[in-house]
Protein chains: 2
Amino acid sequence: STGGGKPKAPPVAHYNLNNVTITSDPLGNRENILLLTPMARFYQQYWDNLLKLSYPHELITLGFILPKTKEGNAATTELQKQIAKTQKSGPEKDRFKSIIILRQDFDPPLQSQDEAERHKIQNQKVRRAAMAKARNSLLFTTLGPATSWVLWLDADVIETPASLIQDLARHNKPVIAPNCFQRFYNTEKKAMDERPYDFNNWQDSPTAVELAKKMGPDDILLEGYADMATYRALMAYMHKADGLRQETVPLDGVGGAALLVKADVHRDGAMFPPFSFYHLIETEGFAKMAKRLGWQPFGLPNYKVYHYNE
Amino acid sequence: STGGGKPKAPPVAHYNLNNVTITSDPLGNRENILLLTPMARFYQQYWDNLLKLSYPHELITLGFILPKTKEGNAATTELQKQIAKTQKSGPEKDRFKSIIILRQDFDPPLQSQDEAERHKIQNQKVRRAAMAKARNSLLFTTLGPATSWVLWLDADVIETPASLIQDLARHNKPVIAPNCFQRFYNTEKKAMDERPYDFNNWQDSPTAVELAKKMGPDDILLEGYADMATYRALMAYMHKADGLRQETVPLDGVGGAALLVKADVHRDGAMFPPFSFYHLIETEGFAKMAKRLGWQPFGLPNYKVYHYNE
Ligand SMILES: Nc1nc2c(ncn2[C@@H]2O[C@H](COP(=O)(O)OP(=O)(O)O)[C@@H](O)[C@H]2O)c(=O)[nH]1
Ligand SMILES: Nc1nc2c(ncn2[C@@H]2O[C@H](COP(=O)(O)OP(=O)(O)O)[C@@H](O)[C@H]2O)c(=O)[nH]1
Ligand SMILES: [Mn+2]
Ligand SMILES: [Mn+2]
């Protein structure tokens, strides 16, 4: 209680979920965005790109989860340095509504964050399960009653259009993923070039369905591995240089590199399964779960964001 | 920004999930409890029982979700009246840390809340799916980074020991359910009597496993219906008048009438499936999901709480 006076009444909040709009014009309707990033490493370009987002920052809450490894500690320090700069001394228009940083309470299964080690097929199930738990921890503890949209953005997505949020939301889809590419130096062409990076955005194939039928209950299907040819239609390869940026395709699996989700999809219960769910896991399992709840995911093959190149 | 002075820096919160303890002595360790109640009707005895809980109220956050029906509106009005009384004019020790009231943004599938109508087998799947979504909405929007335990308590559970939270937590189980009974007037004995009420706390049976195998992918198993004999071992019938109150039994399905869950179980992703999950739905599906995540649910056959008798 406050000195001398009447004790302060504890807070009571009343939210009518019907009054939280989720529309194709989030900016016009001043809708709250929760931007969530699991972060094992800090990249300055990621932060610089965040700052350039043209959606009003006072409507964006940031949420991070970082592992308790040496790398995770270093990333936390760098992240906090940038946050202090932006929120305290930077221009007012750059400041975000609020920021939540979570430190994971379980050890990541892999000690190394190197791309080669990360992508080994025998490391995938345990790694994707740990990622799923990190995403769920972050989601369950930051989603609020006033959130309209959740934007998942990986810490190594370093370049997006400034109007990313508006561009994805205007399609008014429950779940929507841009196409995640990677810039690299093409030694043959002796020039900068780009290539598809995220293979988790896909449409199902009869081969994958047959493969799944023959699997044990805990086995998972993975995408992008030569020893497990699924013949799924990958959004990564649907990109056309002259294609319309607003073209949409339905998806059965999604990646988490960049993904806009209506908060109601999560509120209904859609999370990232850390176990085999219809032989899918993490973000791909999330797409299946969203579908089971009646929410169809979509992708934008010609709308690109860029992943860091290690 | 505040008039004239320097603009206020927006909030930044840093949480180390490792520092949020979840122990068998929550009171000693001052652990935060999130008490969640889906509420279609308001019962004064439920509120009176809440007020009697001996766990320090300043460590308890209450969360409610109510449907947007006529009954739900009436319940909201009564709930708010009692909240105002407790939080504003009642004794300081009765006041809860904070209270969140959510109004559901989807229509409940059944118009009537009568027990007979609610329990008809053909109404179960759609009703349980709606309940699961209500529980998920409530959970996803109220669970915070500082929550140690989630206590699910139905609005029609009107009598529990005052030490309910301490008694359940001391077993240090990921998920633990007391036995939910109902008082009634026994016309034969011409005296008050009691009978088991909640049949969703059970151990699996070979018959139920065989039944499930023959079902379509979207079909669900239900408990307590004569046309669907599962031969599961029901905790309701494990109660012994002379049994130890602290006796525990492992469970494969749980009910939601009263249920204590370590927050980490939910943070890992355990929610209430609104669809057939291993042919289970809602709280029973939740038990299965907790198990898939490595968390074993338990029950207390001889520790009783009481459900309202309509
Ligand atoms: N909290 C947390 N984040 C992680 C962990 N491992 C990776 N990340 C982050 O999760 C996102 C996806 O992981 P990444 O390894 O880049 O996946 P890839 O690009 O598909 O190989 C990135 O933002 C990583 O920084 C972890 O163990 N814990
Ligand atoms: N938010 C919400 N709560 C509900 C709804 N239907 C029932 N409830 C509440 O959910 C809990 C369980 O429902 P109830 O009908 O009592 O289940 P039963 O005792 O198993 O028949 C109780 O606290 C109800 O008040 C609904 O449509 N929306
Ligand atoms: Mn990456
Ligand atoms: Mn009931």
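Summarised in this report is the structure supplied together with it. (Residues numbered from 1 in each chain as written. Chains lettered and ligands numbered in written order. Predicted model: local features only at pLDDT ≥ 70, side-chain atom pairs only at ≥ 80, totals over all residues. Heavy atoms only, no water.)

### Some remarks on the overall build of chain A
From N to C terminus, chain A includes eight helices and 13 strands. Taken against the 2.2 N^0.38 rule, which gives 19 Å for 310 residues, the C-alpha radius of gyration of chain A at 20 Å falls within 12% of a compact globule. With the C-alpha coordinates aligned to their principal axes, the bounding extent of chain A is approximately 75 × 45 × 40 Å. Across the 310 residues in chain A, those meeting the buried criterion constitute 57%. Of the accessible surface of chain A, which amounts to about 12,800 Å², a share of 51% is contributed by carbon and sulfur atoms. (Helix = DSSP H or I, 4+ residues; strand = E, 2+ residues; numbered from the N terminus. Rg over C-alpha atoms; globule rule 2.2 N^0.38 Å. Buried < 20%, exposed > 50% of the residue type's maximum accessible area, 1.4 Å probe, protein only. Areas by Shrake-Rupley, 256 points an atom, 1.4 Å probe, with all protein chains shown as cover.)

### Brief notes about helix H4 (residues 121–142) of chain B
With 22 residues, H4 of chain B ought to run about 32 Å at 1.5 Å a step, and its terminal C-alpha atoms sit 32 Å apart, in line with that. At Arg127 of chain B, H4 of chain B shows its maximal bend, which comes to roughly 25°. (Expected span 1.5 Å × (residues − 1). Bend = angle between axes of the 7 residues up to and from the residue.)

### Notes on the relation of the copies chain B and chain A
Mapping chain B onto chain A is achieved by rotating through 180° and translating by 0.0 Å along the same axis, at an RMSD of 0.0 Å. On this basis, the relationship between the two copies can be described by a two-fold rotation axis. The C-alpha atom lying nearest the rotation axis in chain B is that of Phe140 of chain B; the distance is 2.6 Å. Of the interface residues in chain B, 100% have counterparts in chain A that sit at the interface too, so the contact is made through matching surfaces. (Least-squares fit on C-alpha atoms with pLDDT ≥ 70 in both. Contact = heavy atoms within 4.5 Å.)

### Brief notes about the site of ligand 2
Residues and elements named next belong to chain B. Of all residues adjacent to ligand 2, which total 19 residues, the nearest are Pro38, Gln104, Arg118, His119 and Asp156. When residues of the shell around ligand 2 are traced back to their parent elements, those giving at least two are strand E3 (60–66) and H4. Across the shell around ligand 2, the residue classes break down as ten nonpolar, four polar and five charged. (Near = heavy atom within 4 Å. Nonpolar A, V, L, I, M, F, W, Y, C, P; charged D, E, K, R; others polar.)

### Looking at the pattern of salt bridges
Taken as a whole, this structure holds 38 salt bridges over all chains when the rule is applied. The residue Glu223 of chain B makes a salt bridge to Arg232 of chain B at a minimum N-O spacing of 2.8 Å. Salt bridges sharing partners connect three or more residues here, namely Arg128, Arg135, Asp154, Glu282 and Glu284 of chain A. (Salt bridge = Lys/Arg side-chain N within 4 Å of Asp/Glu carboxyl O.)

### Some details on the interface of chain B and chain A
With 56 residues of chain B in contact, the opposing surface of chain A contributes 56 residues. When chain B packs against chain A, close to 4,800 Å² is buried across both sides, 57% of that on carbon and sulfur atoms. The tally of links between chain B and chain A comes to two salt bridges. Across the pair Arg292 of chain B and Asp218 of chain A runs a salt bridge, and its minimum N-O distance is 3.2 Å. (Buried area = accessible area lost by both parts, 1.4 Å probe.)

### Quick notes on the coordination of the manganese ion (ligand 4)
All names here are of chain B. Every protein donor of the manganese ion (ligand 4) is listed here as Asp156 (OD) and His307 (NE2), and their distances to the metal cover 2.2 Å. In this pair, Asp156 is assigned in the loop between strand E5 (147–153) and strand E6 (157–159) and His307 in strand E13 (residues 297–307), connecting sequence segments 151 residues apart. The same class applies to Asp156 and to His307, which are both buried. (Donors = N, O, S within 2.8 Å, 3.2 Å for Na, K, Ca; no water.)

### A closer look at the environment of Ala229 of chain B
Residue and element names in this part refer to chain B. Tracing the chain through its elements places Ala229 in the loop between helix H6 (206–213) and strand E10 (233–234). Relative accessible area serves as the criterion here: at 36%, Ala229 is assigned to the partly exposed category. C-alpha of Ala229 to C-alpha of Arg195: the two residues are 34 residues apart in sequence and 20 Å apart in space. Those residues within four positions of Ala229 in sequence are excluded, and the remaining contacts are Thr207 and Leu211.

### Topic: the site of ligand 1
All names here are of chain A. In the vicinity of ligand 1 there are 19 residues, among which Pro38, Gln104, His119, Ala155 and Asp156 approach most closely. In this structure, an oxygen atom belonging to ligand 1 sits 2.7 Å away from a side-chain N or O atom of Asp156. Side-chain polar atom of Tyr197 to an oxygen atom of ligand 1: 2.9 Å apart, as the coordinates give it. Considered on its own, ligand 1 offers 560 Å² of accessible surface; in the complex 89% of this is hidden by protein. (Polar contact = N/O pair within 3.5 Å; in protein donor to acceptor, adjacent residues only side chain to side chain.)

### Observations concerning the coordination of the manganese ion (ligand 3)
Protein coordination at the manganese ion (ligand 3): the donors are Asp156 of chain A (OD) and His307 of chain A (NE2), at 2.2 Å from the metal. The exposure class of Asp156 of chain A is buried, given its relative accessible area of 15%.

### Considerations on the packing of H4 of chain B against helix H8 (residues 282–292) of chain B
All names here are of chain B. Following both chains from N to C, one finds H4 and H8 inclined at 60°, their axes separated by 8 Å at the closest point. It follows from the interaxial angle that H4 and H8 lie oblique. For the pair H4 and H8, contact is made by Arg128, Met131, Ala132 and Arg135 and by Glu282, Thr283 and Glu284, respectively. By residue class, the composition of the contact of H4 with H8 is two nonpolar, one polar and four charged. (Axes fitted to C-alpha atoms, helices over the stretch in contact; angles between N-to-C directions. Parallel < 35°, antiparallel > 145°, perpendicular 65-115°, else oblique.)

### Things to note about the side chain of Thr283 of chain A
Residues and elements named next belong to chain A. Mapped onto the secondary structure, Thr283 falls in helix H8 (residues 282–292). A distance of 3.5 Å separates polar atoms of two side chains, one belonging to Thr283 and the other to Arg128. When sequence neighbours within four positions are dropped, the list of residues in contact with Thr283 reads Arg128, Arg135, Asn200, Val254, Gly255, Gly256 and Phe272.

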